[in-house]
Amino acid sequence: MPRLDNLKLRASWGKLGNNAVGDYATQLMYERRTYVFDGNAVPGAGISAIVNDVLTWESTTMTNIGLDLSAFKGRLNLSADVFDKLTDDILIRASIPGVFGRLEAPYTNAGKVRNRGLEAEVSWKGTVWNDFRYGVSANYSFVRNKVLKYQGDVASYSGQRILLEGYGIYDYYVREVDCIATQEKIDRMLADGYVFYPSTPQPGDFIYKDQQKEGEVGYKIIDDGDRVIKGHSYPSHFFGLTLNAGWKGIDFSMMFSGVAGISQYLNSTWYTNVVRNGSVINKKFLGAWSPDNPGSKIPALTTNDGGRNTANNDFWLQDASYVKLRNLTLGYTFPEKWTSPFISRARIYFTGENLLTFTRFEGLDPENGSASNYPNMSRYIFGVSITF
Amino acid sequence: MKNKIFRFFLPAAAILILGACKGFLDTTPEDGIGSLEMWTTAEHADLGVAGAYSPVKCFQIGSDPYNPAGCISSNAMTDTYTKYAFAWGTGFDDTGCRYFCNNSATTGYGVFSNKWLADYTGVQYCNLALDNLPRMQNVLKEEVYNNYLGEVHFLRALYYFDLLTFYSGHKTQDPGVPLYTAMPDYDNAYRPRSTPADVRRVMIEDLEEAAERLPWRSYEKGRANRCAALVLLGKVYLYAGNFARAAEVFSGVVSENDRAAEPYSLYSNYAELFLQKGEDNDESVFVIDCVNTYGNGSRLDLLYSNRSANCAGTNTSIPTKELVDFYLNADGTKYDGSTPDWTNRDAVNRFFAGRDPRLDASIIRPFGLFVGKDNVTYEYRAPYDSKTSPYACLRSNHSSNTNYCWRKFCNQGNETTIRRHSGIDIPVIRWADVLLLYAEAVNESSGPSAEVFDALDKVRRRAKMPVVSRQGDQAAVRQLIRDERVYELAGEGHLYADWQRWFAHSDNDFDYESLTNQSILGYDGVPLALTQVSVRNFTRRNWRYAIPQSEIDVNPALVQSEGWGN
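Keep in mind that what you see is a predicted model, and the values were worked out from it rather than measured.

All right, on to the nonpolar core then. All names here are of chain B. Core analysis: the biggest nonpolar cluster contains 186 residues, and Leu133, Phe154 and Tyr160 have the highest contact counts within it. In terms of residue count, helix α5 (residues 142-167) provides more of this core than any other element does, 15 residues in total. Apart from residues lying up to four places away in sequence, Leu133 is in contact with Trp39, Ala45, Val49, Leu140, Tyr145, Tyr148, Leu149 and Val152.

This is the structure in structure tokens:
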């Protein structure tokens, strides 16, 4: 390998502690609770939280093996890493049963999460035809997170997401839509002994898959017991591509980046089959199911859904993978001989930021959560830069 | 629970700063003051006992005293689970009763979790107090010590009674609720339901001890007392179907009251009982004292009242045509269903003048008058019109409809200066209720007798209604008493629990079709245009609440209420 300039093999291991909660989390607190006797509001006291007096720090153990390579007189650079990040004793507010009352749950060192993956970056720069300079740089990483320990079989929930041992952090937990109901199908299922929650569908509503088989608890009961884990709320793949080139005074660069393997739950007042007075909804719902449009996969528009279609389900769960053109710059630097001696350097340029998004996600911005969040802005800048 | 690794200790250290607005205490060094200290001085006992009362009225969610959902103080809204009232959705219905009314609630709804959390908060506050008070015998005056211990025992029974009523039912075949007689540690918190009999044993012990320690009348308005403890004890037996014991307890209550230096008695004016001016009366046995200051009032004004009231009420609960039609004629005969010309003021006024006066005292009906905001007298005309003569038109929150409105618990004029924090007290136990419970217990236990009719007569006379004829067999008198409870107690939060007492979940006689599932009609018989709710569509599951989904999720030992899915 005569052209190899540098080859380095790296390995590292480290452990960090983190006190991620506020002070005094090991103490029971009494809060003010008022009550009225004889027409006077008098102070009372009641506990507001349960505490855990055996808290310890979170710890993160990071193991990393990497390779750096440089060749062809520095024109090719490559760096790759495999990592394993294990966070243990994670301070989590445990779920406590409501029989304690309306108390804040205590922190516990309950969680153990593993993030495993690899990162790679490769770049090439070169010159052709004497004065055409170019460079390409690409990076990719893959990360998988998994909850190794939490609360045994007991899950925590956050909206449509679930935190459960053996799965990714807050994976989605939703019902699966089977089909759009017709009167005939509803009648058939009812006659067959099916029970529906929150209520029996009407024509145009979703019918959800019954996840239980005959003989299992919940068979022929369509309810939240039919939810399944489906879709990650953190991306698995991250990638980026940077291109740049220059010729004489002209310079050009563009940068793409994106993620894949992430889902977003999109159901808001703007993206819904539930019509409310004064609210604006996505025009997609013009194509909703109706007696005249029986082939539609979109549930019928209604003012009173009662949770029949807005129960957490996979219709509203969308692939939020995307590729964005983050930046594009084109500039021209005037030759010095034109501008000297008064001006040492003059450049005009155009820069655009967040110019293009390629995604199947139907919200305003796949990077920015639910539909109602303000999307990232696009910016176009024309500039003149003069240095005296 | 699988992970036995956590260990939660109660009070490592805690203090309370009284003057703090936000509640969080502890700006002094934390290592010096522990929760043991919390229960060492007389002042701390005052705080702890008042704290044990607090979930009765309003458990503040965060710092939001607007939301008393699920507390015993909101139970009046649950009359909407019977045919006599209906919850009409507005954004102000934090109780979420409308979702139970139209049966669209799922197990994750607040209507189920709020009450669960409020009652169990009360249970655990009581448990902590009962753990600590016995050590304070030397610190507190004997009288104070007895009062405090008695009050907390009463409160714990009150919370468990409410839990059984809504999540189980009190009868042997009902599923029960989880039972905690001490604050559990984390590992022992995951319990299955205890049977109603087990819960009852705790309630009976609590109430007997409370009755032992407390004076007959409250030493301060709003406190528990011996009479309240005995009445609740009687209810515990009555709801369990132990009529002999119930009759014994209630007879004891009535005779002890006759001998008492300060006996309870019926207040002369029924209508004023539910207004500010009738508040301080001898009828209140256990009352939730409300004052019109922020966080210390009653929410019922807002939920019951109308737009013309100073609180700009939301008519979230409306009395139904079934209730109005159920009231007797003023001469004690049954109303025959004939209607006046609803556009004729004089005819309508004559029509209602010919009915039980409690109708007009409880309900605002067409051409009924109401003194609203700025002491303007309004006349109820529905649908709303813009005429001003002879009175401006009272506006209900559903003003294009022909619904009735509540008058009970609605402030008049500008009495309520802080909206949602009404000063009208909420009676939990009042003497008329006691008399009817007494009559019911005796009649069930041994059939009609002079005492039964005497009790009914007292309630009738105060209402300015003719007394009942002293004839009829046990079944006929049973019906008389049941009907009287509706006339007397409508809108006060007893009716759903009454049905639960009178029928059983497994009882095929409890026919939801005829008892609850009527369409909701206006006074003129026209169905109301219910935009946020449908007609009532109860099934057998509506007999009781679902256990909140969050609870089922974390505690696999709990079995969900029948019909509420898994």
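All right, on to the packing of helix α2 (residues 42-57) of chain B against α5(B) then. Residues and elements named next belong to chain B. In contact at an axis separation of 10 Å, α2 and α5 are set at 20° when each is read in the N-to-C sense. The pairing of α2 with α5 is recorded here as roughly parallel in orientation. Two packed elements cross with a definite hand, and for α2 against α5 that hand is left-handed. From α2, Ala45, Asp46, Val49, Ala52, Tyr53, Pro55 and Val56 reach across to α5, where they touch Tyr148, Glu151, Val152, Leu155, Leu158 and Tyr159. The residue inventory of the contact of α2 with α5, partitioned by class, reads eleven nonpolar, no polar and two charged.

What follows concerns the packing of aromatic side chains. We describe a pair of aromatic rings using the distance from one ring centre to the other and the angle between the two ring planes. All names here are of chain B. Per the stated rule, a full pass over the model turns up 53 aromatic pairs over all chains. When the ring of Tyr84 is compared with that of Trp499, the centres are 6.1 Å apart and the planes differ by 55°; the resulting orientation is tilted. With Tyr84 in the loop between α2 and β1 (85-87) and Trp499 in helix α16 (residues 495-502), this pair connects stretches of sequence that are 415 residues apart. Residues Tyr84 and Trp499 agree in their burial class; the two are buried. With a centroid separation of 6.1 Å and 80° between ring planes, the pair formed by Phe100 and Phe112 is classed as edge-to-face. Placement of Phe100 in helix α3 (residues 97-101) and of Phe112 in helix α4 (residues 110-132) is noted, with a sequence separation of twelve residues between them. When sorted by exposure, Phe100 lands in the same class as Phe112, which is buried. Taking the ring centre of Tyr239 as reference, the NZ or CZ of Arg501 above it sits at 4.8 Å.

All names here are of chain A. With six of eight residues buried, strand β2 (residues 30-37) lies mostly within the body of the structure. Bridge analysis of β2 against strand β3 (residues 40-47) gives eight bridges, and the strand direction is antiparallel. Note on β3: the bridge partner recorded for Val36 is Ala41. Connecting the antiparallel pair β2 and β3 is a turn made up of two residues, with Asp38 showing a positive phi of about 50°.

In this section: α5(B). The α-helix winds at 3.6 residues per turn, so residues separated by three or four positions along the chain end up facing the same way. Given a rise of 1.5 Å per residue, 26 residues ought to cover 38 Å, and the 38 Å separating the end C-alpha atoms of α5(B) matches this to within 8%. Buried residues dominate α5(B), accounting for 22 of its 26 residues.

Moving on: helix α7 (residues 226-240) of chain B. All names here are of chain B. Here α7 spans 21 Å end to end across 15 residues, near enough to the 21 Å set by a 1.5 Å rise per residue. Across the 15 residues of α7, 13 count as buried, placing the element largely inside the fold. Of the residues that open α7, the one with a side-chain oxygen 3.1 Å from the backbone nitrogen of Cys227 is Asn225.

Right, let's talk about the confidence of the model for chain B for a bit. Residue and element names in this part refer to chain B. On average, chain B scores 87 in pLDDT, and the residues at 70 or more come to 89%. Predicted confidence for residues 1-34 stays below pLDDT 50, and this span has 80 contacts to residues more than four positions away or in other chains. Confidence drops under a pLDDT of 50 for residues 61-66, and excluding neighbours within four residues, the segment shows twelve contacts in the predicted structure.

All names here are of chain A. As summarised here, the arrangement of the four strands in space is β8-β9-β10-β15, forming an open sheet in which the pairing is antiparallel. Each edge of the open sheet carries a strand with a single partner, namely β8 (156-158) and β15 (228-229). Here β8 pairs with strand β9 (residues 161-163) via three bridges, running antiparallel. Residue pairing in the sheet places Ser158 in a bridge with Arg161 of β9.

Most peptide bonds are trans, and most residues other than glycine sit at a negative phi. Backbone torsion omega between A:Tyr197 and A:Pro198 reads 5°, so that peptide bond is classified as cis. Cis rather than trans, the peptide bond between B:Ala382 and B:Pro383 has omega equal to 0°. Tracing the backbone shows B:Pro383 in the loop between β6 (377-380) and β7 (392-394). Unusually for a residue other than glycine, A:Lys73 sits at a positive phi of about 55°. Here A:Lys73 lies in the loop between β4 (58-71) and β5 (76-93). Taking the relative accessible area as the measure of exposure, A:Lys73 reaches 75% and is therefore exposed. Phi angles above zero are rare outside glycine, and B:Phe367 is one such case at about 65°. Within the fold, B:Phe367 resides in the loop between β4 (363-364) and β5 (369-371).

Next up on the list: the environment of B:Ala105. Residues and elements named next belong to chain B. Counting through the fold element by element, Ala105 comes out in the loop between α3 and α4. In this structure, the C-alpha to C-alpha distance between Ala105 and Ala546, residues 441 residues apart in sequence, is 9.4 Å. Not counting residues within four places of it along the chain, the set of residues in contact with Ala105 comprises Tyr99, Phe100, Val111, Phe112, Arg541 and Trp564.

With that out of the way, let us pick up the sheet that holds β6(B). Residue and element names in this part refer to chain B. Spatially, the three strands line up as an open sheet ordered β5-β6-β7, and their pairing is mixed. Each end of this open sheet is capped by a strand with a single partner; those strands are β5 and β7. Looking at each pair of strands side by side, their axes are set apart by 50° on average, direction ignored. Here β6 pairs with β7 via three bridges, running parallel. Residue pairing across strands places Tyr378 opposite Ala392, the latter belonging to β7.

The next thing to look at is the packing of α5(B) against α7(B). Residues and elements named next belong to chain B. Taken N-terminus to C-terminus, the directions of α5 and α7 make an angle of 30°; their axes are 11 Å apart at the nearest point. When the axes of α5 and α7 are compared, the pair comes out roughly parallel. Crossing geometry of α5 relative to α7 is assigned as left-handed. Contacts from Phe154, Ala157, Leu158 and Phe161 in α5 reach Ala228, Ala229, Leu232, Lys235, Val236 and Tyr239 in α7. Considering only residue class, the contact of α5 with α7 consists of nine nonpolar, no polar and one charged.

The rules behind each value
Residues numbered from 1 in each chain as written. Chains lettered and ligands numbered in written order. Predicted model: local features only at pLDDT ≥ 70, side-chain atom pairs only at ≥ 80, totals over all residues. Heavy atoms only, no water. Core = buried A, V, L, I, M, F, W, Y, C linked by side-chain atoms within 4.5 Å. Buried < 20%, exposed > 50% of the residue type's maximum accessible area, 1.4 Å probe, protein only. Helix = DSSP H or I, 4+ residues; strand = E, 2+ residues; numbered from the N terminus. Contact = heavy atoms within 4.5 Å. Axes fitted to C-alpha atoms, helices over the stretch in contact; angles between N-to-C directions. Parallel < 35°, antiparallel > 145°, perpendicular 65-115°, else oblique. Left-handed = near helix turned anticlockwise from the far one by under 90°. Nonpolar A, V, L, I, M, F, W, Y, C, P; charged D, E, K, R; others polar. Phe/Tyr/Trp six-rings, centres within 6.5 Å; stacked < 30°, edge-to-face > 60°. Lys NZ or Arg CZ within 6 Å of the ring centre and 35° of its normal. Pairing = 2+ DSSP bridges. Expected span 1.5 Å × (residues − 1). Polar contact = N/O pair within 3.5 Å; in protein donor to acceptor, adjacent residues only side chain to side chain. pLDDT = per-residue confidence, 0-100.

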